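Descriptive analysis of the structure
So the chains spell out like this:
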Amino acid sequence: MLGTGYRVWDYITERHSQLLYQSYQHLSLVIQCVLLATVIAVGLAVVVHRNPRVASLAGAVSAVGLTVPSFALLGLMIPLAGIGTATSVIAVTFYACLPILRNAVVGLSGVDATLIESARGMGMGAIRTLLRIELPLAWPVILAGVRVSAQMSMGIAAIAAYVLGPGLGSFIFTGLTQIGGKNALNSALVGTIGVVLLALILDAMLLLVGRLTTSRGIRA
């Protein structure tokens, strides 16, 4: 075991520049896709949350979407978007939208109707009420969906190496396709551990965002 540890460390030191660059690519891909997914999902939730039937349909679509195998979706996207970053972005954003959409609908639907009526009675328009009352109150629930989405997206981004997407997934796939080779295990281990570490870092970042963007009254 000690010898294996030394070999892994040697593998890391020999490729530290490549590892740092691909870690940056991986984290950048996930952050950008989750941000895009948040905008899309919250926008859809704002449109549908007042209609119980449509909101239920959105929840069902989210649940069904999560059952679609990522390999299958990537394969279906190749004829449309080709191989590379574009397909990776589409796939990661698609999966990232699903938990955020579900949580956004739940969060917005859970805002007390009397608060909305009071805001309207004070002269607030629909957009101002949404921005000043509904979204801030729903934000903790939405952010919980964003955190789930970010963790899931880390894994999807790794699988996107199947279509030559950027990130640490290439280390994992290289190791798996070269089983029995000199550095096959090292490559798979380094890629997997790197993805886990990035997931922990991103979750810590989102926790900090939650602390900074959630009012003390709501946190209490």
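Up top is the structure these notes are about.
Description of the structure in this document. (Residues numbered from 1 in each chain as written. Predicted model: local features only at pLDDT ≥ 70, side-chain atom pairs only at ≥ 80, totals over all residues. Heavy atoms only, no water.)

Residues L185, L189, I193, V196, L197 and L200 make up a contiguous nonpolar surface patch of roughly 550 Å² in combined accessible area. Judged by its relative accessible area of 47%, L197 is partly exposed. (Patch = residues over 30% accessible without salt bridge, like charges linked within 9 Å, V, L, I, M, F, W, Y side chains within 5 Å. Areas by Shrake-Rupley, 256 points an atom, 1.4 Å probe, with all protein chains shown as cover. Salt bridge = Lys/Arg side-chain N within 4 Å of Asp/Glu carboxyl O. Buried < 20%, exposed > 50% of the residue type's maximum accessible area, 1.4 Å probe, protein only.)

For the rest of this paragraph, the subject is the side chain of T87. As for its position among the elements, T87 is in helix α5 (residues 85-109). On the accessibility criterion, T87 (0% relative accessible area) is buried. One polar contact links the side chain of T87 to the main-chain carbonyl oxygen of G82, over a distance of 2.4 Å. Not counting chain neighbours up to four residues away, the residues in contact with T87 comprise L74, M77, A81, G82 and V163. (Helix = DSSP H or I, 4+ residues; strand = E, 2+ residues; numbered from the N terminus. Polar contact = N/O pair within 3.5 Å; in protein donor to acceptor, adjacent residues only side chain to side chain. Contact = heavy atoms within 4.5 Å.)

Attention shifts here to the pattern of salt bridges. Counted according to the given criterion, the structure contains three salt bridges. Linking R15 and E14 is a salt bridge whose minimum nitrogen-to-oxygen distance equals 3.2 Å. A residue is classified by how much of its surface remains accessible, and R15, at 24% relative accessible area, is partly exposed. The class for E14 is exposed, based on a relative accessible area of 60%. With its nearest N and O atoms 2.9 Å apart, the salt bridge here joins R50 to E134. Taken together, the residues span a long stretch of sequence, with R50 in the loop between α2 (16-48) and α3 (52-65) and E134 in helix α7 (residues 126-159) at a distance of 84 residues. By relative accessible area, which is 49% here, R50 ends up partly exposed. Here E134 falls in the buried class, since its relative accessible area comes to 1%.

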